[in-house]
Amino acid sequence: MAKIQVCNVVVLDNPSPFLNPFKFEITFACIEELTEDLVWNVIYVGSAESEEHDQILDTVYVGPIPEGKHQFVFNADPPDTSKIPSVDALGVTIVLLTCSYREQEFIRVGYFINNEYTDPELKENPPTETQFDKVFRHILSSKPRVTRFKINWDEKEKNYYELTQENEESEKSEEYKAEKSLVDSSENSQSPIEMMVE
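The structure presented is a predicted model; accordingly, all values stated were derived computationally and were not measured.

Peer 1: So what's going on with the overall build of the chain? Residues and values would help.
Peer 2: Assigned secondary structure in the chain consists of two helices and 10 strands. For the chain, the α and β elements follow one another from N to C terminus as β-β-β-β-β-β-β-β-α-β-β-α. Across the 198 residues that make up the chain, the buried fraction comes to 44%. Partitioning the intrachain contacts of the chain with sequence separation of at least 6 by distance along the chain shows that 70% fall at a separation of at least 24. Accessible surface, the chain: about 10,800 Å² in total, of which carbon and sulfur atoms supply 46%.

This is the structure we're talking about:
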């Protein structure tokens, strides 16, 4: 049984200018004290074509974790615009919020993002080089895609974990590819999965 249950994620400062930090208010419950840190990452998918353009915007270590409900705000810097392919700068992409324990990812929350100019003239005649200071991002926070993975929470589960790790890594890889393939979808193609407590 998972020892951490993510109860809710609230996207703050949304919509906002592209160059503003990402802000997520995260609420989670710990059903049993954890002696090691939880590792949270915010990952920006720069292109649907290649993971090479993915950027880890920030990493936060939270722990040790006592039993009970906890809440914190995760602020992450905007992506490095020089690493985003020009053809993928505007339109729909994905931001991922992940959490790991003992180097094992156990939850991933994905959100669609729509990056666009708000100025009518720029919308009608976008410049050849993207003017990121005039781009706004809208995170589609009402329809997160939530994926959970079984992990080894205790040392006593080590043998079981070693037997199943390869299969779970394969599942994560396929899920990640599926998420990235959705980048080319429109806003009307959002996943119906909602954030819920297990």
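Still more to cover.
Peer 1: Now, about the side chain of Thr130: what can you tell me, with residues and values included?
Peer 2: In this structure, Thr130 sits in the loop between helix H1 (120–124) and strand E9 (135–139). A relative accessible area of 16% means that Thr130 is categorised as buried. Those residues within four positions of Thr130 in sequence are excluded, and the remaining contacts are Ser86, Ala89, Leu90, Tyr117 and Val135.

Peer 1: Before we move on, could you go through the pairing of E9 and cite the residues and values that matter?
Peer 2: Residue alternation in E9 divides its side chains into a buried set, Val135, Arg137 and Ile139, and an unburied set, Phe136 and His138. Relative to E9, strand E2 (residues 16–17) runs antiparallel, the two being bridged by two bridges. By the bridge assignment for E9, Ser16 is matched with Arg137.

Peer 1: Tell me about the packing of aromatic side chains, and name the residues and values.
Peer 2: Under the definition given, this model contains 10 aromatic pairs. With a centroid separation of 5.9 Å and 45° between ring planes, the pair formed by Phe28 and Trp40 is classed as tilted. You can see Phe28 sitting in strand E3 (residues 22–30) and its partner Trp40 sitting in strand E4 (residues 38–45), a full 12 residues away along the chain. Judged by relative accessible area, which is 1%, Trp40 ranks as buried. With a centroid separation of 6.4 Å and an interplanar angle of 80°, the aromatic rings of Phe28 and Phe72 are classed as edge-to-face. Placement of Phe28 in strand E3 and of Phe72 in strand E6 (residues 68–76) is noted, with a sequence separation of 44 residues between them. Exposure class is identical for Phe28 and Phe72. Each is buried.

Peer 1: I'd like to hear about unusual backbone geometry, residue by residue, with values.
Peer 2: That bond from Asn14 to Pro15 is cis: its omega, 0°, falls within 30 degrees of zero. For Pro15, the location among the structural elements is in the loop between strand E1 (4–12) and E2. Residue Pro64 follows Gly63 across a cis peptide bond; omega there is -5°. If you trace the backbone, Pro64 turns up in the loop between strand E5 (55–62) and E6.

Peer 1: Residues and numbers for the sheet that holds E3, please.
Peer 2: Read from one edge of the open sheet, three strands run E1-E3-E6, paired in antiparallel fashion. The strands lining the two open edges of the sheet, one partner per strand, are E1 and E6. Taking the axes of each pair of neighbouring strands and ignoring which way they run, one obtains an average angle of 20° across the sheet. Summarising the sheet, E3 and E6 pair through nine bridges and their orientation is antiparallel. Each residue of the ladder has a partner; that of Thr27, found in E6, is Gln71.

Peer 1: Any details on the nonpolar core? Residues and values, ideally.
Peer 2: Core analysis: the biggest nonpolar cluster contains 40 residues, and Phe22, Phe24, Ile26, Leu38, Trp40 and Phe106 have the highest contact counts within it. Those elements that place two or more of their residues in this core are E1, E3, E4, E5, E6, strand E7 (91–101), strand E8 (104–117) and E9. Top element by residues in this core is E8. It accounts for six residues. If we skip the residues at most four places from it in the chain, Ile26 touches Asn8, Val9, Trp40, His70, Gln71, Phe72, Phe74 and Leu97. The next biggest cluster of nonpolar side chains, apart from the first, holds six residues, and it includes Val45, Ile94, Leu96 and Phe112.

Peer 1: Let's hear about the pattern of salt bridges: which residues, and what values?
Peer 2: All chains considered together, the criterion is met by four salt bridges. As a salt-bridge pair, Glu32 and Lys3 come within 3.1 Å of each other at their nearest N and O atoms. You can see Glu32 sitting in the loop between E3 and E4 and its partner Lys3 sitting in the segment before E1, a full 29 residues away along the chain. Among the residues examined, Glu32 registers a relative accessible area of 40% and is labelled partly exposed. A salt bridge links Arg108 to Glu105; its shortest N-O distance comes to 2.9 Å. Comparing Arg108 with Glu105 shows no difference in burial state: the two are buried. One salt-bridge network, held together by shared partners, links Lys3, Glu32 and Asp154.

The rules behind the values
- Residues numbered from 1 in each chain as written.
- Predicted model: local features only at pLDDT ≥ 70, side-chain atom pairs only at ≥ 80, totals over all residues.
- Heavy atoms only, no water.
- Helix = DSSP H or I, 4+ residues; strand = E, 2+ residues; numbered from the N terminus.
- Buried < 20%, exposed > 50% of the residue type's maximum accessible area, 1.4 Å probe, protein only.
- Contact = heavy atoms within 4.5 Å.
- Areas by Shrake-Rupley, 256 points an atom, 1.4 Å probe, with all protein chains shown as cover.
- Pairing = 2+ DSSP bridges.
- Phe/Tyr/Trp six-rings, centres within 6.5 Å; stacked < 30°, edge-to-face > 60°.
- Axes fitted to C-alpha atoms, helices over the stretch in contact; angles between N-to-C directions.
- Core = buried A, V, L, I, M, F, W, Y, C linked by side-chain atoms within 4.5 Å.
- Salt bridge = Lys/Arg side-chain N within 4 Å of Asp/Glu carboxyl O.

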